[in-house]
Amino acid sequence: QVQLVESGGGLVQPGGSLRLSCKASRTIVTFIMGWYRQAPGKQRELVARITFGGSTLYGDSMKGRVTIFRDNDEDTVDLQMDKLEVDDTAVYYCNANRRDLDGSDYWGQGTQVTVSG
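Residues numbered from 1 in each chain as written. Predicted model: local features only at pLDDT ≥ 70, side-chain atom pairs only at ≥ 80, totals over all residues. Heavy atoms only, no water.

## Quick word on the pattern of salt bridges
The final tally for this structure, using the stated rule, is 6 salt bridges. Across the pair D105 and R99 runs a salt bridge whose closest N-O atoms are separated by 3.2 Å. In this structure R99 comes out as partly exposed when scored by relative accessible area, which is 39%. Residues joined by salt bridges that share partners form a network here, namely R37, E45, R65, E85 and D88. (Salt bridge = Lys/Arg side-chain N within 4 Å of Asp/Glu carboxyl O. Buried < 20%, exposed > 50% of the residue type's maximum accessible area, 1.4 Å probe, protein only.)

Here it is in structure tokens:
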């Protein structure tokens, strides 16, 4: 089991930037780490994910405006978000998984990002 705690969400104006951070309760070196988001009335969607080897994949909605980083020594994964839009308003969730291996799938509580102004 791994506990994930997100931070960094808040209110930002359109065009602004935010950096979200996810802290894990144990080493994440064996996990695929990712950020997902869910807006009201919409399905949860992938924002970005990064493998234990550093390979990244970005969802279409925010591709080109986000960058995912991981620090295996600090057990953290960050999401740098730039050029934010009103439609980016959502709850953003941190994920750790090895669905490909044994079905492990862990989620944080989520952090609210509101783009308005």
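From this point on, the discussion continues.
## Things to note about the packing of aromatic side chains
Inspection of the entire model under this criterion finds 2 aromatic pairs. Where F31 meets Y106, the ring centres are 5.9 Å apart and the plane angle is 75 degrees; that geometry is what we call edge-to-face. With F31 in the loop between β3 (18-24) and β4 (32-38) and Y106 in strand β10 (residues 104-107), this residue pair connects regions lying 75 residues apart in the sequence. The class of F31 is buried, set by a relative accessible area of 6%. A relative accessible area of 16% means that Y106 is categorised as buried. Pairing Y36 with W107 gives two aromatic rings, centres 5.0 Å apart and planes at 65 degrees, and the pair type is edge-to-face. Of the two residues, Y36 is situated in strand β4 and W107 in strand β10; the sequence distance between them amounts to 71 residues. Lying over the aromatic face of Y93, R44 brings its terminal NZ or CZ to 3.9 Å of the ring centre. (Phe/Tyr/Trp six-rings, centres within 6.5 Å; stacked < 30°, edge-to-face > 60°. Helix = DSSP H or I, 4+ residues; strand = E, 2+ residues; numbered from the N terminus. Lys NZ or Arg CZ within 6 Å of the ring centre and 35° of its normal.)

## Side note on the environment of E6
For E6, the position within the fold is in strand β1 (residues 4-7). For E6, a relative accessible area of 5% gives the class buried. Placed 45 residues apart in sequence, E6 and T51 show a C-alpha to C-alpha distance of 19 Å. Ignoring any residue separated from it by four or fewer positions in sequence, one finds E6 in contact with S21, C22, W35, Y92, Y93, C94, G108, Q109, G110 and T111. Polar contacts involving the side chain of E6 include one to the main-chain amide nitrogen of Q109, which spans 3.0 Å. A distance of 3.0 Å separates a polar side-chain atom of E6 from the backbone nitrogen of G110. (Contact = heavy atoms within 4.5 Å. Polar contact = N/O pair within 3.5 Å; in protein donor to acceptor, adjacent residues only side chain to side chain.)

## Considerations on unusual backbone geometry
Across residues other than glycine, the phi torsion is negative in most instances, and most of the peptide bonds are trans. For D75, which is not a glycine, the phi torsion comes out positive at approximately 60 degrees. By the element assignment, D75 lies in the loop between β7 (66-71) and β8 (76-81). On the accessibility criterion, D75 (15% relative accessible area) is buried. The residue K83 is not glycine, and still its phi comes out positive at about 50 degrees. By secondary structure assignment, the location of K83 is in the loop between β8 and β9 (90-98).

Remember, this is a structural readout, not a statement about activity or role.
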